[in-house]
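# Tertiary structure, described
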Amino acid sequence: MYILSDKIWFPPIELASPEGIVAIGGDLSVERLLLAYKSGIFPWYNEGEPIIWHCPDKRMVLFPEKLKISKSMQQIIRKKTFKITFNTRFEEVLTNCKTIHRKDQGGTWITSEMQQAYCKLHELGFAKSVEVWLDDTLVGGLYGIDLGTVFCGESMFSKKSNASKIGFIYLVEKLKKENYKLLDCQLYTNHLASLGAEEITRTEFLKYL
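Throughout what follows, the structure given in this document is the object of discussion. (Residues numbered from 1 in each chain as written. Predicted model: local features only at pLDDT ≥ 70, side-chain atom pairs only at ≥ 80, totals over all residues. Heavy atoms only, no water.)

## Observations regarding the pairing of strand β9 (residues 150-158)
Keep this limit in mind: Classification of residues uses two cut-offs on accessible area relative to the type maximum, computed with a 1.4 Å probe and protein chains only: under 20% is buried, over 50% is exposed, and between them is partly exposed. Runs of E in the DSSP output that reach at least two residues are strands. Runs of H or I that reach at least four are helices, and both are numbered from the N terminus. Two strands are counted as paired when DSSP detects at least two bridges linking them. With its strands directed away from the observer, a crossover is right-handed exactly when the path from the first strand over the helix to the second travels clockwise.
Among the nine residues of β9, eight are classified as buried, and the element is accordingly described as predominantly covered. Bridging between strand β8 (residues 137-146) and β9 involves seven bridges; their strand directions are antiparallel. If you follow Gly 144 over to β9, its bridge partner there is Gly 153. Taking the residues between adjacent antiparallel strands as the criterion, β8 and β9 are bridged by three residues, where Gly 148 takes a positive phi near 100 degrees. Two elements, β9 and strand β10 (residues 182-186), share three bridges in a ladder whose sense is parallel. For Cys 152, the partnering residue across the bridge sits in β10 and is Asp 184. Once the chain exits β9 it traverses helix α5 (residues 163-177) before rejoining the sheet at β10, and the crossover so formed is right-handed.

Structure below.
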């Protein structure tokens, strides 16, 4: 297992553990985070733990042209109950992702250190958000890292049924129009699979970066 120092560097991805752990330690500086995402690596750890850098062997991704929108979701979108904005309330979205109660999850993986780091990335134009509004209330959203042709999704939240799903759909439609190669969803969930996301190998994923 590689222990990172102050040097902005990661070991070869091929040396990741069977669980997809590339290294431990280091920091969440802008330089290291950007190198990580451009290398297919992301931080994922709990408060009080050292930073753990991951690059799983199977990567959940969504190719924009493969987005699946159910008939029920199409009806909700047509009703225009929700309003969608892009990158107007990044810190609020991130805070909600951190504090929202999630079923079957004891706490958040978004540490205070991570919150500060991603806000810095937002200030520099790399971290971006999607906001979902019901009237003038923020009821859903998501955020991630924009690499120009790949968007790396990080987290989402929903305070109203289907709010985060609609935000996700609008994001994918936007990425499609702007000719993005894919949306990185990191790890498999049934929810993402229902929207058209699929697992590809680490080797195949890295070709898109």
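## Points about the packing of helix α3 (residues 90-99) against helix α4 (residues 112-123)
Stated precisely, the cut-off is as follows: Only the stretch in contact is used when fitting a helix axis, every axis being a line fitted to C-alpha atoms; angles between N-to-C directions are given from 0 to 180 degrees. These descriptions rest on fixed angle ranges, namely under 35 degrees for roughly parallel, over 145 for roughly antiparallel, 65 to 115 for roughly perpendicular, and the rest for oblique. For any helix crossing, the convention is left-handed if the near helix is rotated counterclockwise from the far helix by under a right angle, and right-handed if that rotation is clockwise. It only takes one pair of heavy atoms within 4.5 Å for two residues to be counted as in contact. Classification convention: Asp, Glu, Lys, Arg as charged; Ala, Val, Leu, Ile, Met, Phe, Trp, Tyr, Cys, Pro as nonpolar; all other residues, Gly among them, as polar.
Between α3 and α4, the least distance of the axes is 10 Å, while the angle of their chain directions is 155 degrees. Regarding the angle of α3 to α4, the classification is roughly antiparallel. As for the relative orientation of α3 and α4, their crossing is right-handed in sense. Residue-level inspection shows Phe 90, Glu 91, Leu 94, Thr 95 and Lys 98 of α3 in contact with α4, the latter providing Ser 112, Gln 115, Tyr 118, Cys 119 and His 122. Looking at side-chain class alone, the contact of α3 with α4 contains four nonpolar, four polar and two charged residues.

## Let's talk about the side chain of Thr 111
What counts here: Any pair of nitrogen or oxygen atoms within 3.5 Å is treated as a polar contact; in protein, a donor-acceptor pairing is required on top of that, and neighbouring residues in sequence qualify only through side-chain atoms on both sides.
Looking at the element boundaries, Thr 111 is found in the loop between α3 and α4. For Thr 111, the side chain forms a polar contact with the main-chain nitrogen of Met 114, separated by 3.1 Å. Excluding its chain neighbours within four sequence positions, the residues that come into contact with Thr 111 are Tyr 45, Asn 46, Glu 47 and Lys 98.

## Digging into the sheet that holds strand β2 (residues 21-25)
Taken together, the four strands give an open sheet; going across it, the order is β1-β2-β4-β3, and neighbouring strands pair in mixed fashion. If you trace the sheet from one side to the other, it starts and ends with β1 (2-4) and β3 (42-43), each paired once. Direction of pairing for β3 relative to strand β4 (residues 52-54): antiparallel, over a ladder of two bridges. The partner of Pro 43 across the bridge, within β4, is Trp 53.

Everything listed here is a matter of geometry and, on its own, says nothing about what the molecule does.
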